[in-house]
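The lines below spell out each chain.
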Amino acid sequence: DTAVSQTPKYLVTQMGNDKSIKCEQNLGHDTMYWYKQDSKKFLKIMFSYNNKELIINETVPNRFSPKSPDKAHLNLHINSLELGDSAVYFCASSPPHGGIGANVLTFGAGSRLTVL
Amino acid sequence: DQQVKQNSPSLSVQEGRISILNCDYTNSMFDYFLWYKKYPAEGPTFLISISSIKDKNEDGRFTVFLNKSAKHLSLHIVPSQPGDSAVYFCAAMAGTYKYIFGTGTRLKVLA
């Protein structure tokens, strides 16, 4: 039973399209994240939600909109896709701050987005 | 501006020998560090961590050393096994929920 699951695993689309990536965690964690790994292999934080509240919003274009309907889900919607959006997007979650294993991120397997 | 750097993109080691992966950071305010291992087509998985109040943490074959004055940490794997072949990421906590990752070092353990 996968702890952090992302769908789809692969996504190929044309420039200008809108697409979504979904993420769900069954670990009971309070905090969820989206990371982007670009062609240079940097793993960069994009967003973080704690109990459905946005707590980290790095300098990401506003074409990217995260949505957290509940603390177990964090989806990423991307409007007007550009070539530079091609990357692997990782969802992650972490336990409540101060709890056991609090500082450890658990990652999903990643969603590879290719924009043509 | 890379605050966490892994200057060796790759490393090859013979099976049974020690693997040493290095990581440097620039911000002395970082107080918690983690190492993750990543296999192809999978997400990074947590390996070992260390708080800035310690200089060493050991878990089986994996040991992390922290040198705060040099702003340097290293991961030692001994003995190295072929299954350890993966990309290893160093990460630093830059606040309660913010993690900054290095670019990774690809370890290849030769049988």
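Here the structure is a predicted model, which is why all the values come from computation and not from measurement. (Residues numbered from 1 in each chain as written. Chains lettered and ligands numbered in written order. Predicted model: local features only at pLDDT ≥ 70, side-chain atom pairs only at ≥ 80, totals over all residues. Heavy atoms only, no water.)

S.K.: Go over the overall build of chain A, please, and point to the residues and values.
M.R.: Across its full length, chain A carries zero helices and 11 strands. Across chain A, helices and strands are ordered from the amino to the carboxyl terminus as β-β-β-β-β-β-β-β-β-β-β. Expressed as lengths along the three principal axes of its C-alpha atoms, the size of chain A is roughly 45 × 30 × 25 Å. Going through the 116 residues of chain A one by one, you find that 46% of them count as buried. Pairs at least 24 residues apart make up 54% of the contacts formed inside chain A by residues separated by at least 6 positions. One finds the centroid of the 12 positive side-chain charges in chain A at a distance of 6 Å from the centroid of its 10 negative side-chain charges. (Helix = DSSP H or I, 4+ residues; strand = E, 2+ residues; numbered from the N terminus. Buried < 20%, exposed > 50% of the residue type's maximum accessible area, 1.4 Å probe, protein only. Contact = heavy atoms within 4.5 Å. Lys, Arg positive; Asp, Glu negative; His and termini not counted. Charge placed at Lys NZ, Arg CZ, Asp CG, Glu CD.)

S.K.: Would you mind going over the overall build of chain B in detail, with residue names and values included?
M.R.: Across its full length, chain B carries zero helices and 11 strands. For chain B, the sequential pattern of α-helices and β-strands runs β-β-β-β-β-β-β-β-β-β-β. The dimensions of chain B, computed from C-alpha atoms along their principal axes, are 40 × 30 × 20 Å. Buried positions account for 48% of the 111 residues belonging to chain B. Summarising the internal contacts of chain B: among those between residues at least 6 apart in sequence, 53% fall at separations of at least 24. By element, 48% of the accessible surface of chain B is carried by carbon and sulfur atoms, the whole surface being about 5400 Å². (Areas by Shrake-Rupley, 256 points an atom, 1.4 Å probe, with all protein chains shown as cover.)

S.K.: So what about the side chain of Ser52(B)? Which residues, and what values?
M.R.: Residue position: Ser52(B) is located in the loop between β5 (45–51) and β6 (56–59). You can call Ser52(B) buried: its relative accessible area is 14%.

S.K.: Can you explain the packing of aromatic side chains? Please cite residues and give values.
M.R.: As enumerated under the stated definition, the model contains 12 aromatic pairs over all chains in all. Measuring from ring centre to ring centre gives 6.3 Å for Tyr33(A) and Tyr35(A), while their planes differ by 40 degrees; the resulting arrangement is tilted. A single burial state applies to Tyr33(A) and to Tyr35(A), both of which are buried. Among the aromatic residues, ring-to-ring pairing joins Tyr33(A), Tyr35(A), Phe90(A), Phe107(A), Tyr36(B), Phe46(B), Tyr99(B) and Phe101(B) into one connected group. (Phe/Tyr/Trp six-rings, centres within 6.5 Å; stacked < 30°, edge-to-face > 60°.)

S.K.: Describe the pattern of salt bridges, naming the residues involved and giving the relevant values.
M.R.: Any two side chains of opposite charge can pair, so long as their charged atoms come close to each other. A full pass over the atoms with the stated rule returns six salt bridges over all chains. A salt bridge links Lys56(B) to Glu58(B), with the shortest nitrogen-to-oxygen separation between them at 3.9 Å. By relative accessible area, Lys56(B) is classed as partly exposed at 42%. With its nearest N and O atoms 2.8 Å apart, the salt bridge here joins Asp84(B) to Arg61(B). Here the residue Asp84(B) occupies a position in the loop between β8 (72–77) and β9 (86–93), and Arg61(B) occupies one in the loop between β6 and β7 (62–67), the gap between them amounting to 23 residues. Summarising the burial analysis for this pair, Asp84(B) and Arg61(B) share the class buried. One salt-bridge network, held together by shared partners, links Arg63(A), Glu82(A) and Asp85(A). (Salt bridge = Lys/Arg side-chain N within 4 Å of Asp/Glu carboxyl O.)

S.K.: An account of the sheet that holds strand β3 (residues 19–25) of chain A is requested, with residue identities and associated values reported.
M.R.: Residue and element names in this part refer to chain A. Strand order in this open sheet of four strands is β1-β3-β8-β7, and the pairing throughout is antiparallel. On the outer flanks of this sheet lie β1 (4–7) and β7 (64–70), each paired with one strand and no other. On average, each strand axis in the sheet is tilted by 15 degrees relative to the strand beside it, whichever way the strands run. In terms of strand pairing, β3 meets strand β8 (residues 73–78) through four bridges, oriented antiparallel. Across the sheet, Ile21 pairs through a bridge with Leu76, a residue of β8. (Pairing = 2+ DSSP bridges. Axes fitted to C-alpha atoms, helices over the stretch in contact; angles between N-to-C directions.)

Coordinates in, geometry out; function isn't part of it.
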